[in-house]
Amino acid sequence: VAAAGYVGSVFNGDAEEASPPTVALDAQQYFVGSMLLPYAERLEESEEKMVELPYALYDAQTELIEDIVTGSGGAVAGDGTTAVLGGVQINTPAGYFDYYLPLSFKLYNSNGEFVEELWD
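It should be emphasised that the depicted structure is a prediction, and the values quoted were computed from it without experimental measurement.

**Student:** Lay out the overall build of the protein with the relevant residues and their values.
**Tutor:** Tallying secondary structure elements over the protein gives four helices and three strands in all. Order of helices (α) and strands (β) in the protein, N terminus to C terminus: α-α-α-α-β-β-β. Its C-alpha atoms give the protein a radius of gyration of 17 Å, more than 25% over the compact-globule value 14 Å for 120 residues. Its C-alpha atoms put the protein at 50 × 40 × 30 Å along the principal axes. When the 120 residues of the protein are sorted by exposure, 23% land in the buried category. Looking at the protein alone, contacts between residues at least 24 apart form 44% of all its contacts between residues at least 6 apart.

In C-alpha cells form, the structure reads like this:
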C-alpha cells in the first residue's frame, strides 16, 4: 500500500523518485516502489487501486522472475526443466484461511527458454 502511494505521488509530480537506500531495512520498500513505477499510470487510473495493486505487483515480479530464469540458461543440468508458478497471495483477517490465486504456470527448458504454459 505504501508503494502504491509512493508511485502515485511520483506519477502525479508530488514527489521525486527515491534514491537508493542507505539503510538496509529500507531496501525492500525502495525496490518494490521502483518495480511499480512503470505501472503508475495503470494504478492511478484504476477505479479500485487496492484491487489493481497486487496484479501490478504480480506483473512486475513476473518480469523479474522471467529475467532470472532466462538469464540463468544452462544452470539446469542436462535436460532438466524449471517450472514457475506465479500468482497473488490473498491475506485475510485473523481466523480465516489465506488464499493463493495462481495466475500462471510456465515451463522453461534447461537453457532458460520458455517451453509452454502448463495451464490456461
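**Student:** Quick one: what's the story with the sheet that holds strand 1 (residues 82-90), residue by residue and with numbers?
**Tutor:** One open sheet accounts for three strands, arranged 1-2-3; its pairing is antiparallel. Of all the strands in the sheet, just strand 1 and strand 3 (114-117) have a single pairing partner and so form its edges. For this sheet, the mean inter-axis angle between neighbouring strands, taken without regard to orientation, is 30°. With three bridges joining them, strand 2 (residues 99-108) and strand 3 adopt antiparallel strand pairing. Bridge pairing in strand 3 links lysine 106 to glutamate 117.

**Student:** Give a description of the packing of helix 2 (residues 27-36) against helix 4 (residues 49-71) that names residues and reports values.
**Tutor:** In the contact formed by helix 2 and helix 4, the axes pass within 9 Å of each other and the chain directions differ by 95°. Classified by the angle between their axes, helix 2 and helix 4 sit roughly perpendicular to one another. Contacts between helix 2 and helix 4 involve Val32, Met35 and Leu36 from the first element and Leu53, Ala56, Leu57, Ala60, Gln61 and Leu64 from the second. Split by residue class, the contact of helix 2 with helix 4 holds eight nonpolar, one polar and no charged.

**Student:** Give a detailed account of the packing of aromatic side chains, specifying residues and quantitative values.
**Tutor:** According to the stated counting rule, one finds two aromatic pairs in the structure shown. Where tyrosine 30 meets phenylalanine 31, the ring centres are 5.1 Å apart and the plane angle is 75°; that geometry is what we call edge-to-face. Judged by relative accessible area, which is 18%, tyrosine 30 ranks as buried. Seen in terms of ring centroids, tyrosine 108 and phenylalanine 114 are 5.9 Å apart; in terms of plane orientation they differ by 75°. Their pairing is edge-to-face. With relative accessibility at 4%, the residue tyrosine 108 sits in the buried group.

What counts and what doesn't
- Residues numbered from 1 in each chain as written.
- Predicted model: local features only at pLDDT ≥ 70, side-chain atom pairs only at ≥ 80, totals over all residues.
- Heavy atoms only, no water.
- Helix = DSSP H or I, 4+ residues; strand = E, 2+ residues; numbered from the N terminus.
- Rg over C-alpha atoms; globule rule 2.2 N^0.38 Å.
- Buried < 20%, exposed > 50% of the residue type's maximum accessible area, 1.4 Å probe, protein only.
- Contact = heavy atoms within 4.5 Å.
- Pairing = 2+ DSSP bridges.
- Axes fitted to C-alpha atoms, helices over the stretch in contact; angles between N-to-C directions.
- Parallel < 35°, antiparallel > 145°, perpendicular 65-115°, else oblique.
- Nonpolar A, V, L, I, M, F, W, Y, C, P; charged D, E, K, R; others polar.
- Phe/Tyr/Trp six-rings, centres within 6.5 Å; stacked < 30°, edge-to-face > 60°.

Coordinates in, geometry out; function isn't part of it.
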